Amino acid sequence: MYLRHTIRKKDGKVHRYWCLVRSVRVGRRVIQQTVAHLGELDEHGRIEARSLARRLIGAPECAQLFDDGGEQVTVPVRLKGIRVERSRVFGDVYLALALWRGIGLEELCERLFPAGQERVSWAKMAAVLVAARFCEPSSELHIAEDWYRRTALCDLLQLGDEEVNKDRLYRGLDRLLVHKVALEAHLSQRCGELFAIHNEVLLYDVTSTYFEGLAEANPQAKRGYSRDHRPDCKQVCIALVVTFDGFPLGYEVFAGNTNDSRTLQTIVATMEARHGVLGRVWITDRGMASAKNLAWLRDTGRRYIIGAPKSELKKFATELAAAEGWRAVHEGVEVKLARHPETDETVILCRSADRRSKERAMHDRFSSRIEAALDRLAARIARSKQRLDPAPLNRQIGRILQRNQRAAARFAIALEPDGCPAGWRLRVVYNAAFDDWAALSEGAYLLRSNITD
C-alpha cells in the first residue's frame, strides 16, 4: 500500500491530488486499486497518510520520539561537487575515552596533575597516550605524526593536531612514571570493584628489553643474559606481576645484569606492601627456584608454587613410572601429587602430551645430527692414507656432542685401534638407559609448593 498522486492544471496553477493505492492480483495480472482519495496534501498530510497505510497493512510504526517528519524528505545533491575532507576515525577512540572516564582515570589524573603554566594539560596528554595504546599500540612518534591526525580525539578532547607532538608525549610518560604507584593502586581497586577480580593468586615472571644505543644516561642499562639474543646491547629487566586472570597488578624495573632469582624477594615485598598480604599464593618459573628464595618464602610463611629444575625429575622416577594416581586437569595434561624427600614440600608432577611430542622430536633431531656428523668423521678416517693423531679426533667428537647436548647422553663414542692406514676406527654404542629415561621423562616437569591443604 502506497501513495500516488496525479497532476492537474487548473486556473493556471498546478495541483497534486493524492490517493491511497494498493496492489491486487487478479489472475495473472497485478492491478492497482484505489483505497481512498485524499485530495491535496501538504508535507505533514503525506506523512500522516503513510502512517495510515502502515497501520492498515500491519507494518511496525517508528517511535514518535524519533519521527521528526523527515523520513521521506529528499534533498537534491550534485555528486560532482561532493568530496570527502578531513575524515576521522571515531568509534574506537570514543570507546577508549569512555573506558578512561568510566574507571576514574580522568578524575585521578586531573588530581595528580594540577593545572600549571603548561598550555596543554598533562591529564589530556595521558588520555591520548592511553587511547593510543588501547586502539593502535605504536611509538610516540607514530602517534604524533600519523595516528592522532586520523582520529576524532582532536574534537573529543578539544586538542588540536599541532598540540600533540612526540616531545610532549615523551614528557607525558615521564610525568606518569612519577605517579606509577598511585596509578597501579587505583587500577587494582577499580577493576576489583567493577569485575570482581581476585588477586590472591599472583603469577610472576621477568622479561627484558634492550637498547640500540649506548644508553649512557640510564644507570640500569647493563649487559646481561639476553632473551632477545642481543648480548651486544645493553638492556633492563622488567619484572611483571599479574593476577590469575591475566590482569597486570604491577611491575618493577631492574638493572640489565640482574639474575632473575635476585628479584623475587624485592617484588614480593613491594607487591604485598602495596596490595596486602592475606591469602597470597605466588607462582613463578624455575628461574626463581634458588635454595635461598625457597628458604625465605618458607621461613616468612608465604605460600608458593615454583617450577623446579628438570634434573630433580630423577628423584621421582618411581612416581613417574607408576600408572596410578594421575589425574587429568586439562586435555592432554595430567598431574600427580607427591612429597619431596628432602624438604617435605608438596611436589606436583605434571606431564603434557604436546610437550612430550615436542621433546621427542627435539631428541630425534639432535640424534640425527650426531649420527650424520659421526658418519662424516668415520668416512674421513677411512679415507686417510696415513696414521692420524687421536687427540684432534677426540676433540672433534667432543665438539659434535657439545653442539647437540640434548641427545649427547644417548651415545657412548670411543676411538679403537685398527689395522687400517689411519690406525683408528670409531666405536659407537647406544645408551639404552637414556632411551628408557627419555620415554619416562619426555613431556614431564614438576612444581614445588608449600601448600598442604
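Residues numbered from 1 in each chain as written. Predicted model: local features only at pLDDT ≥ 70, side-chain atom pairs only at ≥ 80, totals over all residues. Heavy atoms only, no water.

Trainee: I'd like to hear about the overall build of the chain, residue by residue, with values.
Mentor: Per the secondary structure count, the chain includes 14 helices and 14 strands. For a compact globule of 453 residues, the expected C-alpha radius of gyration is about 22 Å, and the chain comes in at 38 Å, more than 25% above that figure. Judged by the C-alpha coordinates and their principal axes, the chain covers about 130 × 70 × 55 Å. The buried share of the chain, taken over its 453 residues, is 35%. Contacts in the chain between residues far apart in sequence, at least 24 positions, make up 56% of those at least 6 positions apart. Surface summary for the chain: the accessible area is close to 28,300 Å², and the carbon and sulfur share equals 53%. One way to put it: in the chain the 71 positive side-chain charges average out to a point 6 Å from where the 59 negative ones average out. (Helix = DSSP H or I, 4+ residues; strand = E, 2+ residues; numbered from the N terminus. Rg over C-alpha atoms; globule rule 2.2 N^0.38 Å. Buried < 20%, exposed > 50% of the residue type's maximum accessible area, 1.4 Å probe, protein only. Contact = heavy atoms within 4.5 Å. Areas by Shrake-Rupley, 256 points an atom, 1.4 Å probe, with all protein chains shown as cover. Lys, Arg positive; Asp, Glu negative; His and termini not counted. Charge placed at Lys NZ, Arg CZ, Asp CG, Glu CD.)

Trainee: Before we move on, can you summarise the pairing of strand β3 (residues 29-39) with the specific residues and values?
Mentor: Note: strand β2 (residues 13-26) against β3, 9 bridges, orientation antiparallel. Across the sheet, residue C19 finds its bridge partner in β3, namely H37. (Pairing = 2+ DSSP bridges.)

Trainee: Describe the nonpolar core, listing the residues and the values that go with them.
Mentor: With 32 residues, the main nonpolar core has V128, W147, Y148, L153, L159 and L169 as its most contacted residues. Breaking this core down by element, the ones donating at least two residues are α2 (91-102), α3 (105-112), α4 (122-135), α5 (140-147), α6 (153-156) and α7 (166-178). The dominant element in this core, judged by the number of residues it contributes, is α4, at 9 residues. In this structure, Y148 is in contact with R88, V128, I143, L153, C154, L159, G160, D161 and V164, ignoring residues within four places of it in sequence. Grouped together as the second largest cluster of nonpolar side chains are 19 residues, L202, M288, L294 and I306 included. (Core = buried A, V, L, I, M, F, W, Y, C linked by side-chain atoms within 4.5 Å.)

Trainee: Break down the sheet that holds strand β9 (residues 327-330) for me, with residues and values.
Mentor: Strand order in the open sheet formed by 9 strands is β6-β5-β4-β7-β8-β14-β11-β10-β9, with mixed pairing between adjacent strands. The sheet terminates laterally at β6 (248-255) and β9, the two strands that pair on one side only. Each strand of the sheet is rotated relative to its neighbour by a mean of 25°, with strand direction disregarded. Packed on one face of the sheet, helix α9 (residues 264-275) meets β4 (201-210), β5 (235-243), β6 and β7 (281-284) and runs near 140° to β6. (Axes fitted to C-alpha atoms, helices over the stretch in contact; angles between N-to-C directions.)

Trainee: Describe a nonpolar patch on the surface, and please don't skip the residues or the numbers.
Mentor: A contiguous nonpolar surface patch, about 440 Å² in accessible area, is contributed by V75, V77, L79 and I82. As for its placement among the helices and strands, V75 is situated in the loop between α1 (43-57) and α2. V75 gets classed as exposed once you look at its relative accessible area, which sits at 63%. (Patch = residues over 30% accessible without salt bridge, like charges linked within 9 Å, V, L, I, M, F, W, Y side chains within 5 Å. Salt bridge = Lys/Arg side-chain N within 4 Å of Asp/Glu carboxyl O.)

Trainee: Describe the confidence of the model for the chain, and please don't skip the residues or the numbers.
Mentor: In regions of low pLDDT, the predicted coordinates are not meant to be interpreted in detail. Taken residue by residue, the chain gives an average pLDDT of 86. The fraction at 70 or more is 92%. Within the chain, the lowest mean pLDDT, 64, falls on α1, and the highest, 94, falls on α4. (pLDDT = per-residue confidence, 0-100.)

Trainee: Residue-level account of the packing of helix α12 (residues 353-383) against helix α13 (residues 390-403), with values.
Mentor: Axis separation between α12 and α13 bottoms out at 9 Å; the angle between their running directions is 165°. Our classification of the angle between α12 and α13 gives roughly antiparallel. For the element pair α12 and α13, the recorded crossing hand is right-handed. Only L393, Q396, I397, I400, L401 and R403 of α13 make contact with α12, whose side of the interface consists of F366, I370, A373, L374, L377, R380 and I381. For the contact of α12 with α13, a count of residues per class yields 10 nonpolar, 1 polar and 2 charged. (Parallel < 35°, antiparallel > 145°, perpendicular 65-115°, else oblique. Left-handed = near helix turned anticlockwise from the far one by under 90°. Nonpolar A, V, L, I, M, F, W, Y, C, P; charged D, E, K, R; others polar.)

Trainee: Let's hear about unusual backbone geometry: which residues, and what values?
Mentor: Positive phi is not limited to glycine here, since A215 has a value of about 55°. Summarising the element assignment, A215 is placed in the loop between β4 and β5. Unusually for a residue other than glycine, H229 sits at a positive phi of about 60°. By secondary structure assignment, the location of H229 is in the loop between β4 and β5. Assessed through its relative accessible area of 69%, H229 is described here as exposed.

Trainee: Kindly report on the side chain of T346, identifying the contributing residues and their values.
Mentor: With respect to the secondary-structure elements, T346 resides in strand β11 (residues 346-352). Engagement of the side chain of T346 in a polar contact is seen with the side chain of R339, the distance being 2.9 Å. Polar contacts involving the side chain of T346 include one to the main-chain carbonyl oxygen of I451, which spans 3.0 Å. Leaving out residues up to four positions away in the same chain, T346 has contacts with L337, A338, R339, L447, R448, S449, I451 and T452. (Polar contact = N/O pair within 3.5 Å; in protein donor to acceptor, adjacent residues only side chain to side chain.)

Trainee: Tell me what's going on with the environment of I397, and back it up with residues and numbers.
Mentor: Here I397 shows up in helix α13. A sequence separation of 20 residues divides I397 from L377, and the C-alpha atoms of the two residues are 8.5 Å apart. Dropping the residues within four chain positions of it, I397 is found in contact with L377, I413, L415 and L426.

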